[in-house]
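# A closer look at the structure
Here is what each chain is made of, one letter per residue.
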Amino acid sequence: MRLRLVPQETNFDFFKYAKVTFGASCLAMVASIAIWLMVGLNFGIDFLGGTTIRTDATVEVDVADYRAALEDLDLGDVVISRVFDPNFDEDQYVVTVRIQAQEGVEAVTPETIEAIETALLANVDSEMTFPSVESVGPKVSGELIQTAIIAVLASLGAILVYIWLRFEWQFSVGAVAALIHDVILTIGVFSLFQIRFDLATIAALLTIVGYSINDTVVIFDRLRENLIKYKQRALRDVMNLSANETLSRTLMTSGTTALALIALLVLGGDVIRGFVFAILWGVIVGTYSSIYVAKNVVLMLGVKRDWSKPSDGGGASGTQFANIDA
């Protein structure tokens, strides 16, 4: 007997409280933007600038020992991570220590670096060298912020065009609205709880965009099939049918992904916790927005019902690639 998360046939009315769910999503977006503007983000070293110190030891060391050694120096945001490379010698253990830029200075001062090295040598039970010290200044950090914003906007723009070509422009607007909803809510949560926001978080945001649009496209594809099959049904009913027919797939995909992410969140350690949390949150809101944001927008805009005929706009709807597998 196969395990089923949902019955084989369901008939949930996903649009029964459409005004409430869509209104709640709009309020959540407004609240996220307000929190972001008032509280701000807890930027990591990537966006604030700072210094990376590479340590090279001949005996395996515990990252917790590094944290304990630097705890009394009041350095602010410190990221400590192991470096693994197949080219390392058997007795070579490399750890990087990243310290945020201190207030009022361009980079971590030589005196601070010397104090860090002294603390590590005194408290970590291992012979250690410091082969490199690299600093990231405010100018580079500003460029990273601009590049991150461009990366997110470019991904949204590319998805807008792709969905337009595959479906209709209403589907494209609905899909991108759902993605903007997911990104803004994720930024709002990071701002509310002051979780460290760095380049890994940007990578998580791009992952969220890809994951969320995948679920949305699956539902849209079934919706397009049903629009051809049930030409006389109300658009709202066809959307409900499509959401119910893909519900099992949605829950199985999101559920198994969430299980893996929860394991990483609990057992993965501090270094990847922000990245994993962002993706886990994105899976949750992305699953929600595929139905309660994307499809609500499409329902409000309306779509062409008879796909066997050309669009009223003389083929300008962009669906000339709708039957191409991609």
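The structure presented is a predicted model; accordingly, all values stated were derived computationally and were not measured.

### Considerations on the side chain of Asn 240
Note that Asn 240 resides in helix 8 (residues 235-245). The residues touching Asn 240, leaving out its near neighbours within four places in the chain, are Phe 12, Asp 13, Phe 14, Phe 15 and Lys 295.

### Remarks on the pairing of strand 4 (residues 93-100)
Relative to strand 4, strand 2 (residues 50-57) runs antiparallel, the two sharing 8 bridges. Residue pairing across strands places Thr 55 opposite Val 95, the latter belonging to strand 4. Summarising the sheet, strand 3 (residues 78-83) and strand 4 pair through 6 bridges and their orientation is antiparallel. Its bridge partner being in strand 4, Val 83 is matched across the sheet by Val 94.

### Digging into a nonpolar patch on the surface
A surface patch of nonpolar side chains, amounting to about 350 Å² of accessible area, comprises Trp 164, Trp 169, Val 173 and Leu 301. By secondary structure assignment, the location of Val 173 is in helix 6 (residues 169-193). Taking relative accessible area as the criterion, Val 173 reaches 35% and is therefore assigned partly exposed.

### Quick word on the environment of Glu 127
Tracing the backbone shows Glu 127 in the loop between helix 4 (110-123) and strand 5 (128-136). In this structure the C-alpha to C-alpha distance between Glu 127 and Ala 57, which are 70 residues apart in sequence, comes to 5.7 Å. Residues contacting Glu 127, with those up to four places away along its chain left out, are Asp 56, Ala 57 and Thr 58.

Conventions and cut-offs
- Residues numbered from 1 in each chain as written.
- Predicted model: local features only at pLDDT ≥ 70, side-chain atom pairs only at ≥ 80, totals over all residues.
- Heavy atoms only, no water.
- Helix = DSSP H or I, 4+ residues; strand = E, 2+ residues; numbered from the N terminus.
- Contact = heavy atoms within 4.5 Å.
- Pairing = 2+ DSSP bridges.
- Patch = residues over 30% accessible without salt bridge, like charges linked within 9 Å, V, L, I, M, F, W, Y side chains within 5 Å.
- Areas by Shrake-Rupley, 256 points an atom, 1.4 Å probe, with all protein chains shown as cover.
- Salt bridge = Lys/Arg side-chain N within 4 Å of Asp/Glu carboxyl O.
- Buried < 20%, exposed > 50% of the residue type's maximum accessible area, 1.4 Å probe, protein only.

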